[in-house]
Amino acid sequence: MRIGVDLGGTNIAVGLVEEDGKIIATGSRPTKPERGYEAIARDIAELSFELLQRMGISVKDVKSMGIGVPGVADNEKGIVIRAVNLFWTKVPLAKEIRKYIDLPIYMENDANVAALAEATFGAGRGSKSSVTITLGTGVGSGFILDGKIYSGAHHFAPEIGHMVIGDNGIRCNCGKIGCFETYASATALIREGKKAAKRNPNTLILKFANGDIEGITAKNVIDAAKQYDEEALKIFEEYVKYLAVGIVNIINLFDPEVIILGGGVANAGDFLLKPLKKEVAENILFKELPYADIRKAELGNDAGIIGAAILS
Ligand SMILES: [Zn+2]
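Note that this is a predicted model, so its numbers are computed, not measured.

Trainee: Before we move on, could you go through the packing of aromatic side chains and cite the residues and values that matter?
Mentor: Under the counting rule described, the total for this entry stands at five aromatic pairs. Ring centres of Phe-236 and Tyr-239 lie 6.3 Å apart, and the angle between their planes is 15°; on these two criteria the pair is classed as stacked. Note that Phe-236 and Tyr-239 are positioned in helix 8 (residues 230-254) at a spacing of three residues, about one turn of the helix. No difference in accessibility class separates Phe-236 from Tyr-239, as the two residues are buried.

Below you can see the structure in the form of structure tokens.
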């Protein structure tokens, strides 16, 4: 038995996870980061004890606790180096939690943790190398090599979302223009969907958003594209084109066995995967060689807890 913690800016989710990756109990509390890290560490410990008690399990039967953090973490030192949404810099999180619970505590960036879960128990199981790309508000990513997270010499890799891949004039939150996530995130689909609705109020995108431009979602754009709405198709084709540019870059850099797509946009399934695979095939460097299989993630939101639990 292991404890997995998915520490987000909004919620702290804790789960008890069996050796085969099965979650047997979960609990959560609001993070409320303004309380400071001491209160959050205590909540993590309390939630863990609650779950153990509920399931009749002794802490002696727990091997370890792992935490996925929304930022940069130093697993060896047990320190969160930086977590912007929590307002944390150099927080000794492991030491603080160990005041309450006597367990080995591991921590890693949440995108890396999700990638570890997918590589071990999800769409990448059985593979030696995989890259998981999360297409959400931003574009998150994690590299797994031989069952281990590769987070670089300074713990911040991989920041695929901030590879500059074009000149779209869109300024990223990081300050640069043309980052991969300004093309390939759900936010990019929303941004372009809003532009299209202003340009052409007859688009299905706007209809699917019940006429509320500000309420347009990535799903509205995808659903409209599925109905052959011209504006939505144009947006989606551009989206696929640039997502493929990023994926080809990743393949060229890393040549993983599998590329796994997670996050809300990946829920489009084959509607996304089919044209994406075609676009990647047309732009791949070594056309005569095999290359990464591109798959949809399988674990959904559970990846955060499962991946954290199996950290070491
Ligand atoms: Zn950026």
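Okay, back to it.
Trainee: Help me get a handle on a nonpolar patch on the surface, residues and values and all.
Mentor: On the surface, Phe-49, Val-59 and Tyr-100 cluster together to form a nonpolar patch covering roughly 230 Å² of accessible area. Inspection of the secondary structure assignment puts Phe-49 in helix 1 (residues 37-55).

Trainee: Before we move on, can you summarise helix 9 (residues 270-283) with the specific residues and values?
Mentor: The periodicity of an α-helix, 3.6 residues per turn, causes residues three or four places apart in sequence to face the same way. For helix 9, with 14 residues, the first-to-last C-alpha span of 19 Å sits near the 20 Å given by 1.5 Å per residue. Listed as buried for helix 9 are Leu-272, Leu-273, Leu-276 and Val-280. All buried residues of helix 9 fall inside an arc of 85° around its axis, so they share one side. More than 90 degrees from the buried face of helix 9, the exposed residues found are Asp-270, Lys-274 and Lys-278.

Trainee: Let's hear about the coordination of the zinc ion: which residues, and what values?
Mentor: Each angle at a metal carrying four tetrahedral donors should ideally be 109.5 degrees, and each at a metal carrying six octahedral donors should ideally be 90 or 180 degrees. Coordination of the zinc ion by the protein involves His-162 (ND1), Cys-172 (SG), Cys-174 (SG) and Cys-179 (SG), with metal-donor separations of 2.0 to 2.4 Å. Viewed at the metal, the four donor atoms of the zinc ion are separated by angles of 103 to 123°, and the geometry they form is tetrahedral.

The rules behind these values
- Residues numbered from 1 in each chain as written.
- Predicted model: local features only at pLDDT ≥ 70, side-chain atom pairs only at ≥ 80, totals over all residues.
- Heavy atoms only, no water.
- Phe/Tyr/Trp six-rings, centres within 6.5 Å; stacked < 30°, edge-to-face > 60°.
- Helix = DSSP H or I, 4+ residues; strand = E, 2+ residues; numbered from the N terminus.
- Buried < 20%, exposed > 50% of the residue type's maximum accessible area, 1.4 Å probe, protein only.
- Patch = residues over 30% accessible without salt bridge, like charges linked within 9 Å, V, L, I, M, F, W, Y side chains within 5 Å.
- Areas by Shrake-Rupley, 256 points an atom, 1.4 Å probe, with all protein chains shown as cover.
- Salt bridge = Lys/Arg side-chain N within 4 Å of Asp/Glu carboxyl O.
- Expected span 1.5 Å × (residues − 1).
- Arc of directions from axis to C-beta.
- Donors = N, O, S within 2.8 Å, 3.2 Å for Na, K, Ca; no water.
- Tetrahedral: all angles 85-135°; square planar, octahedral: opposite > 155°, others 65-115°.

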